[in-house]
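What follows is each chain in one-letter form.
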Amino acid sequence: MNPFLSFLLRTSIAIPTAFTAGLVSVFGLNVGWGLSAGISIAGGIAAYKTVGIYTNSQFLKQHRLTRKEYRYIKQNLEEGKRKISRLHKSLFSIKNLPSLKQRIDLLRVTKKIYKLTKDEPRRFYKAERFYFSHLDSLIELAEKYAFLSSQPKRSTELELMLHETQRTLDSLADAVEQDLYHIIKDDIDTLDFEIDVAKQALENQKSTKFIEENRRTK
């Protein structure tokens, strides 16, 4: 569940629970206001944590993950988010206008992969090549390219190195697009199957209609 929505749900249940616990302790148990306040707070905290445990359990069940798996994925997603932010900074410090669109597209794809794996954590297992290999390579190359391209004087050797770095970045950008395709391949296959089923159903409907029309004309 979205962290903000989860917080709202927990709060919307914890506050009435705390209020109810306070009223019951004062008017039902006849305890003092100080102890009543403590019971009220304890009731609210207990409700907040209980709802949190339940929503987390449902979230893990929905995505077919164990707590250990989710902790592993969450830790790597947090690290991935920091890396993408670092990549963003590096890519847009490169002073090369012709490659701007390519850099924007590359960053868009990386953010799309991150969002997919954050919203559906189980997809992370299909994105490991991106998080553990391609993303690190992109950062390293982008930072070096940004540094070299900022030099006031460029030798022939430096120009050749910049050109080679740009070519490698292009290849990595293609690899990242393939990472995204790999992540959503099952969805594409499912959609393709559903399209085939729908087409077959339409063909059957047309055939049935044609047969009925022929019967009427005889």
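As a starting point, this report considers the structure included with it. (Residues numbered from 1 in each chain as written. Predicted model: local features only at pLDDT ≥ 70, side-chain atom pairs only at ≥ 80, totals over all residues. Heavy atoms only, no water.)

**With respect to the packing of aromatic side chains**
- Summed over all chains, the structure comprises five aromatic pairs.
- With centroids separated by 5.9 Å and ring planes inclined at 85°, the aromatic side chains of tyrosine 72 and phenylalanine 124 adopt a geometry described as edge-to-face. Placement of tyrosine 72 in helix H3 (residues 67-91) and of phenylalanine 124 in the loop between helix H4 (100-119) and helix H5 (128-149) is noted, with a sequence separation of 52 residues between them.
- For phenylalanine 124, a relative accessible area of 0% corresponds to the buried category.
- Taken together, the ring pairs connect Tyr72, Phe124, Tyr125, Phe130, Tyr131 and Phe132 into an aromatic cluster. (Phe/Tyr/Trp six-rings, centres within 6.5 Å; stacked < 30°, edge-to-face > 60°. Helix = DSSP H or I, 4+ residues; strand = E, 2+ residues; numbered from the N terminus. Buried < 20%, exposed > 50% of the residue type's maximum accessible area, 1.4 Å probe, protein only.)

**Describing the nonpolar core**
- By size, the foremost hydrophobic cluster in this structure holds 33 residues, and its most contacted members are Leu87, Leu91, Ile113, Tyr131, Leu135, Leu138 and Val176.
- At nine residues, H5 tops the list of elements feeding residues into this core.
- If sequence neighbours within four positions are ignored, isoleucine 113 has contacts with Ala127, Phe130, Tyr131, Val176, Asp179, Leu180 and Ile183. (Core = buried A, V, L, I, M, F, W, Y, C linked by side-chain atoms within 4.5 Å. Contact = heavy atoms within 4.5 Å.)

**Describing the side chain of glutamine 166**
- Inspection of the secondary structure assignment puts glutamine 166 in helix H6 (residues 156-217).
- Once residues within four sequence positions are removed from consideration, glutamine 166 is found in contact with Asn96, Ser99, Gln102 and Tyr145.

**Here we look at H3**
- For H3, built from 25 residues, the straight-helix expectation of 36 Å at 1.5 Å per residue is met to within 8% by its first-to-last C-alpha distance of 35 Å.
- The complete set of buried residues in H3 reads Ile73, Asn76, Leu77, Gly80, Lys83, Ile84, Leu87, Ser90 and Leu91.
- For H3, the secondary structure elements touched by its buried residues are H4 and H5. (Expected span 1.5 Å × (residues − 1).)

**Let's talk about empty space enclosed by the protein**
- One pass over the full model with this rule turns up one cavity of 30 Å³ or more.
- Leu91, Ile94, Gln102, Arg103, Leu106, Gln166 and Leu169 are the residues that line the largest cavity.
- Secondary structure elements with two or more residues in the lining of the largest cavity: H4 and H6. (1 Å grid on protein atoms, 1.4 Å probe; cavity = no way out; pocket = protein on both sides within 12 Å on 5 of 7 lines; lining within 4 Å. Points joined across faces, edges and corners; volume = space filled by probe spheres on them.)

**Some details on the layout of surface pockets**
- There is about 190 Å³ of room inside the second largest pocket.
- Ranked by the residues each element gives to the lining of the second largest pocket, the list is headed by H6, at three residues.
- Grouping the constituent residues of the lining of the second largest pocket by class yields one nonpolar, two polar and seven charged. (Nonpolar A, V, L, I, M, F, W, Y, C, P; charged D, E, K, R; others polar.)

**Some points on H4**
- Between its first and last C-alpha, H4 extends 28 Å over 20 residues, near the 28 Å set by a 1.5 Å rise per residue.
- Among the residues of H4, those classed as buried are Arg103, Leu106, Leu107, Val109, Thr110, Ile113, Tyr114, Leu116 and Thr117.

Distances and angles like these do not, on their own, reveal function.
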